[in-house]
Amino acid sequence: MPRLFIGLETPEELAALLSRARGGLHDARWIEPQDYHITLRFIGDVDHVVAREVAGTLDEVRRAPVTVTVEGIDAFGGKRPRTIFARVAPDPGLVELQADIERRMRKVGLPAETRKFTPHITLARLRNGSPLDVAGYLAVRGGFPRYVYTARRFVLYSSRDSVGGGPYVAEAVYPLD
């Protein structure tokens, strides 16, 4: 049973820049730079029939390339920080692409995504993140310079069972043109 998600790749140059933010937080599980991506829709564990339906409906997506703007480094979780991430501006093209994919996943029969789409690139997951430690980390490394690129395709990825991490495998690639 594959564990699937849909995302935008991160250019190698950006991944190299973001990888410089690695380290400096106790108990952080850092994502490998080759696995950086922007998740458009998490699908989860599905059987092969559903996986084929997902791949088939993604073949029908017709969208223009999207502008991706990385604006800095931040954390999710507030008083219980759980993720260090690169902030991505919610460009209209990016938001429309994600909404189109969400509608298609619901037509395939997948349950609706319950979380609001917040585009980002996960850099690390925290087990017992201290708000003070995370604040110190962000004070030093949160000033990541603005980086803009054009995403010309999106990817159906698979990941390893139950660990929520890479290495990720590109199962299919879909052009944005």
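All values derive from a computational prediction rather than experimental measurement. (Residues numbered from 1 in each chain as written. Predicted model: local features only at pLDDT ≥ 70, side-chain atom pairs only at ≥ 80, totals over all residues. Heavy atoms only, no water.)

1. Let's talk about the overall build of the chain
Each helix and strand counted, the chain has four helices and nine strands in total. Secondary structure elements in the chain, listed N-terminal to C-terminal, are β-α-β-β-α-β-β-α-β-α-β-β-β. Against the 2.2 N^0.38 benchmark of 16 Å for 177 residues, the chain shows a C-alpha radius of gyration of 16 Å, consistent with a compact globule. When the backbone C-alpha atoms are referred to their principal axes, the chain occupies close to 45 × 30 × 25 Å. The proportion of buried residues among the 177 residues of the chain is 46%. Relative to all contacts within the chain whose residues are 6 or more apart in sequence, the contacts with residues 24 or more apart total 78%. Carbon together with sulfur atoms contributes 50% to the accessible area of the chain, which is approximately 9,600 Å² in total. Each charge class in the chain can be summarised by its mean position, and for the 25 positive and 22 negative side chains these summaries are 5 Å apart. (Helix = DSSP H or I, 4+ residues; strand = E, 2+ residues; numbered from the N terminus. Rg over C-alpha atoms; globule rule 2.2 N^0.38 Å. Buried < 20%, exposed > 50% of the residue type's maximum accessible area, 1.4 Å probe, protein only. Contact = heavy atoms within 4.5 Å. Areas by Shrake-Rupley, 256 points an atom, 1.4 Å probe, with all protein chains shown as cover. Lys, Arg positive; Asp, Glu negative; His and termini not counted. Charge placed at Lys NZ, Arg CZ, Asp CG, Glu CD.)

2. Some remarks on the pattern of salt bridges
Here the structure, examined in full by the defined rule, presents 10 salt bridges. Put simply, E9 and R153 hold a salt bridge, and the shortest N to O gap is 2.6 Å. With E9 in strand 1 (residues 3–9) and R153 in strand 8 (residues 153–159), this residue pair connects regions lying 144 residues apart in the sequence. A relative accessible area of 28% places E9 in the partly exposed class. Across the salt bridge formed by D100 and R63, the nearest N and O atoms sit 3.2 Å from each other. Highlighted residues: D100 in helix 3 (residues 92–108) and R63 in the loop between helix 2 (48–58) and strand 4 (66–76), separated in sequence by 37 residues. Here D100 falls in the buried class, since its relative accessible area comes to 6%. A residue is classified by how much of its surface remains accessible, and R63, at 24% relative accessible area, is partly exposed. A cluster of three or more residues bridged by salt bridges with shared partners is formed by E60, R63, E96, D100 and R104. (Salt bridge = Lys/Arg side-chain N within 4 Å of Asp/Glu carboxyl O.)

3. Re the environment of A28
In this structure, A28 sits in strand 2 (residues 28–30). For the pair A28 and L8, spaced 20 residues apart in the sequence, the C-alpha separation amounts to 24 Å. When neighbours within four sequence positions are excluded, A28 is seen to be in contact with A124, R125 and L126.

4. A look at unusual backbone geometry
Unusually for a residue other than glycine, D27 sits at a positive phi of about 70°. Classification of D27 as partly exposed rests on a relative accessible area of 35%.

5. A short note on the packing of aromatic side chains
Aromatic rings considered in pairs are described by the distance between their centres and by the relative angle of their planes. Inspection of every chain in the model, using the stated rule, returns seven aromatic pairs. Taken together, a centroid distance of 6.3 Å and an interplanar angle of 55° make the contact between Y147 and Y149 tilted. One exposure class covers both Y147 and Y149, and it is buried. Centroid distance F154 to Y174: 5.1 Å. Interplanar angle 20°. Geometry classified as stacked. Taken as a pair, F154 in strand 8 and Y174 in strand 9 (residues 169–175) lie far apart in primary sequence, 20 residues in all. (Phe/Tyr/Trp six-rings, centres within 6.5 Å; stacked < 30°, edge-to-face > 60°.)

6. Some thoughts on the pairing of strand 1
Summarising burial for strand 1: six of the seven residues are buried, a large majority. With seven bridges connecting them, strand 1 and strand 3 (residues 37–45) associate as antiparallel partners. Residue L8 lies in a different strand from strand 3, and its bridge partner there is I38. Inspection of the sheet shows strand 1 paired to strand 8 by five bridges, in the antiparallel sense. Residue pairing across strands places F5 opposite Y157, the latter belonging to strand 8. (Pairing = 2+ DSSP bridges.)

So, to be careful, I would describe these as geometric facts and stop short of saying anything about function.
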